[in-house]
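# Descriptive analysis of the structure
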Amino acid sequence: LASLGFGIDATDVLTRKGPGLNAPTPPGITLRPIADEADWDRVLRLQIDTGVEAGYPRLQHIGFVKRRFANLRKKTAQGRGQWFGAFDGALLVGDLGIFVQDGLARYQSVETRDSHRRQGICAALVAKAANWALESAPDTTLVIVAVQDGAAGRIYRRCGFRPTETTVSAVKGSY
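Residues numbered from 1 in each chain as written. Predicted model: local features only at pLDDT ≥ 70, side-chain atom pairs only at ≥ 80, totals over all residues. Heavy atoms only, no water.

## As for the nonpolar core
Counting residues in hydrophobic clusters, the biggest one holds 30 residues, and the most contacted among them are Tyr 107, Val 126, Leu 142, Tyr 156 and Phe 161. For this core, the secondary structure elements donating two or more residues are strand S2 (29-33), strand S3 (81-88), strand S4 (91-101), strand S5 (104-112), helix H3 (121-136) and strand S6 (141-147). Top element by residues in this core is H3. It accounts for 11 residues. Beyond its immediate sequence surroundings of up to four residues, Tyr 156 is in contact with Leu 14, Val 110, Cys 122, Val 126, Ile 144, Val 145, Ala 146 and Phe 161. (Core = buried A, V, L, I, M, F, W, Y, C linked by side-chain atoms within 4.5 Å. Buried < 20%, exposed > 50% of the residue type's maximum accessible area, 1.4 Å probe, protein only. Helix = DSSP H or I, 4+ residues; strand = E, 2+ residues; numbered from the N terminus. Contact = heavy atoms within 4.5 Å.)

## Comments concerning the layout of surface pockets
Its boundaries defined by the atoms lining it, the largest pocket holds a volume of some 1,700 Å³. Looking at the largest pocket, it is lined by 45 residues, and the ones nearest its centre are Ser 109, Val 110, Glu 111, Val 145 and Val 147. Broken down by secondary-structure element, the contributors of at least two residues to the lining of the largest pocket are strand S1 (7-16), helix H1 (37-53), helix H2 (58-77), S5, H3, S6 and helix H4 (151-158). Looking at which element gives the most residues to the lining of the largest pocket, the answer is S5, with 7 residues. In the lining of the largest pocket, the residues fall into 21 nonpolar, 14 polar and 10 charged. Quantified by volume, the second largest pocket comes out at close to 210 Å³. Forming the boundary of the second largest pocket are Arg 68, Asn 71, Leu 72, Lys 75, Arg 80, Phe 99, Val 100, Gln 101, Leu 104, Arg 106 and Gln 108. Of all the elements in the fold, those that place two or more residues in the lining of the second largest pocket are H2, S4 and S5. Per-element accounting of the lining of the second largest pocket gives the leading share, 4 residues, to H2. For the lining of the second largest pocket, the per-class residue count stands at 4 nonpolar, 3 polar and 4 charged. (1 Å grid on protein atoms, 1.4 Å probe; cavity = no way out; pocket = protein on both sides within 12 Å on 5 of 7 lines; lining within 4 Å. Points joined across faces, edges and corners; volume = space filled by probe spheres on them. Nonpolar A, V, L, I, M, F, W, Y, C, P; charged D, E, K, R; others polar.)

See below:
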């Protein structure tokens with residue numbers, strides 16, 4: 001597969017059941033649902049910026065993020081999930097989505113601005129989304145995926161998520 005341009009991607013599927021989560025919101029940070037066009041523009045910019053920081057080429061990544069978020073935004077508008085943001089004043093410093101179906105609540109696109117990492121923002125967002133999902137369906141299993149042995153997975157484990165399975169995929173960049 002390597003000779004064909006594929007790499008191996010191993011991710012942990014982490015799950016959690018039970019009562020809501022409690023993670024403090026850092027001082028000066030406000031957590032709330034993404035509510036309007038200006039908020040969604042902030043989400044797109046943050047998702048693009050963090051993708052470019054991760055090594056994706058800006059021009060191609062912009063198109064990918066816009067297409068992906070058109071779909072996620074549509075699902076949110078249909079009531080199938082919710083998107084949350086962490087704001088430092090007017091600046092969006094973190095965001096994520098959570099979508100609920102058939103007893104599962106699946107997190108999507110968890111991002112934190114580099115300047116605001118290691119402050120507890122991600123854990124606070126994960127808790128906010130979990131509690132939103134569990135309000136309407138207390139028996140829901142929360143599901144989040146993280147790169148094996150990565151920083152994000154360590155945060156999720158501290159929030160009470162436990163490894164359920166590992167997925168291994170052959171992946172080839174699309175752009």
